[in-house]
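Residues per chain are reported as follows:
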Amino acid sequence: MAEINILAIESSCDETAAAVVRNGREVLSNVIYSQIDLHTLYGGVVPEIASRKHIDKINQVVEKAIADSGMELKDMDAVAVTYGPGLVGPLLVGVSFAKALAYGANLPIIGVHHIEGHICANYIANKELEPPFMCLIVSGGHTHLVKVADYGKYEILGKTEDDAAGEAFDKVARAIGLGYPGGPKIDRVSKSGNPEAIKFPRAKVGGSEYDFSFSGLKSAVLNYLNTASMNNETIVTEDVAASFQQAVIDVLVGHSMEALNQYGFKKFAIAGGVASNSGLREAFEKACAERGIEFFLPPPILCTDNAAMIGSAAFFEYERGLRNGLDLNAVPNLKLGERWYE
Ligand code: KG4
Ligand code: ZN
């Protein structure tokens, strides 16, 4: 097979990232500049500040990704960039930068869907993984249960009706005083808490059988905290965190296992920032092992936002013939599977 090297850029939220990926599965470099410390001051991502920081950092992040790969820009076969979904300002920085770079180096440009990127992190982590399989994407902005019918072909089986799983982690963390970013902090303190201490609801929703809802769970945690403080009861942060995390895990694992069973998939993957949660990883490993389902998961560094996953997704789109023009624009609410050639 010919060698295809893609320089990929990701800037949809608060990570400025660039990577060089060969043939969709081999990472030659992966540079991530996280703005988390900056946004921690405000308790969450401030879009305007994120955009400015992306502008500050993107040049050096991309230069380092090229240098680390041991190649030069002219050796690349394409420039790939996340063009949605995400925050419009941050997306525009990446898209504009990628277009200028591609134009200057006379390279094709490939626009990548951020969620497709998350899914493709699994192709990097597991060289043998091929579609079809089912994938659960759980991130700060998305909770999607997706049928990966083929490379670049997706069908949404279920999604959240309100908050994303990561959003629930972040909001609950704020309420129990752990601060931002909530996911990793709840993950850590949950290890010393009792997941059965408090019975939080496992939400069922009216829509599709496999849709999710996390806002009720978030409210239940807030109610618990209010009631406990009004009654002067001691709040054990570790127990609240562990019980909340267990409720999220039960719903994610429950829905996924039912869908796997109904659709008859033998392979299952997880992706997105929340997929780096240690309790969730263990619960899925166990549930899949019990059912004889082959389970795939990227290492934590490929679960949270990065550009290597964008380079992987771009390769499979490149193989399908996708080339975007310089009219590529940021699409903040881009839907999965909505491409100009379909
Ligand atoms: O995929 P990602 O980096 O960005 C988006 O595309 O949204 O996901 C970020 C989300 C945040 O909500 C963060 O709190 C959550 O992933 N997260 C975690 C963990 N690490 C990150 N949630 C639970 N446990 C973790 N270990
Ligand atoms: Zn993401």
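Residues numbered from 1 in each chain as written. Chains lettered and ligands numbered in written order. Predicted model: local features only at pLDDT ≥ 70, side-chain atom pairs only at ≥ 80, totals over all residues. Heavy atoms only, no water.

A.B. asks: Could you give me a rundown of the side chain of His 114, with the residues and numbers involved?
C.D. replies: For His 114, the location among the structural elements is in helix H4 (residues 114-125). Engagement of the side chain of His 114 in a polar contact is seen with the side chain of Ser 12, the distance being 3.4 Å. Sequence-distant contacts of His 114, defined by excluding residues within four places in its chain, comprise Glu 10, Ser 12, Thr 82, Gly 84, Pro 85, Asp 305, Met 309 and Ile 310. (Helix = DSSP H or I, 4+ residues; strand = E, 2+ residues; numbered from the N terminus. Polar contact = N/O pair within 3.5 Å; in protein donor to acceptor, adjacent residues only side chain to side chain. Contact = heavy atoms within 4.5 Å.)

A.B. asks: Explain the sheet that holds strand E10 (residues 294-296) to me, using residue names and the numbers behind them.
C.D. replies: On the basis of which strands lie adjacent, the open sheet formed by five strands has the order E8-E7-E6-E9-E10 and mixed pairing. Lying at the two open borders of the sheet, with one neighbouring strand each, are strand E8 (153-159) and E10. Each strand axis lies, on average, 25 degrees off the axis of its neighbour in the sheet, ignoring direction. When strand E9 (residues 267-271) meets E10, the two strands line up parallel, connected through three bridges. Considered in E10, the bridge of Ala 269 is made with Phe 296. Contacts from helix H8 (residues 237-263) reach strand E6 (133-138), strand E7 (143-150), E8 and E9, with the element oriented near 160 degrees to E6. (Pairing = 2+ DSSP bridges. Axes fitted to C-alpha atoms, helices over the stretch in contact; angles between N-to-C directions.)

A.B. asks: Hey, could you go over the coordination of the zinc ion (ligand 2) for me, with residue numbers and the actual values?
C.D. replies: Surrounding the zinc ion (ligand 2) are the protein donor atoms His 114 (NE2), His 118 (NE2) and Asp 305 (OD), at 2.0 to 2.1 Å. Ordering the donors of the zinc ion (ligand 2) by residue number gives the pattern H-x3-H-x186-D. Linking His 118 in helix H4 with Asp 305 in the loop between helix H10 (300-303) and helix H11 (308-319), this pair joins segments that are 187 residues apart in sequence. Here the two residues His 118 and Asp 305 agree in accessibility, since each one is buried. (Donors = N, O, S within 2.8 Å, 3.2 Å for Na, K, Ca; no water. Buried < 20%, exposed > 50% of the residue type's maximum accessible area, 1.4 Å probe, protein only.)

The values are spatial; any link to function lies outside them.
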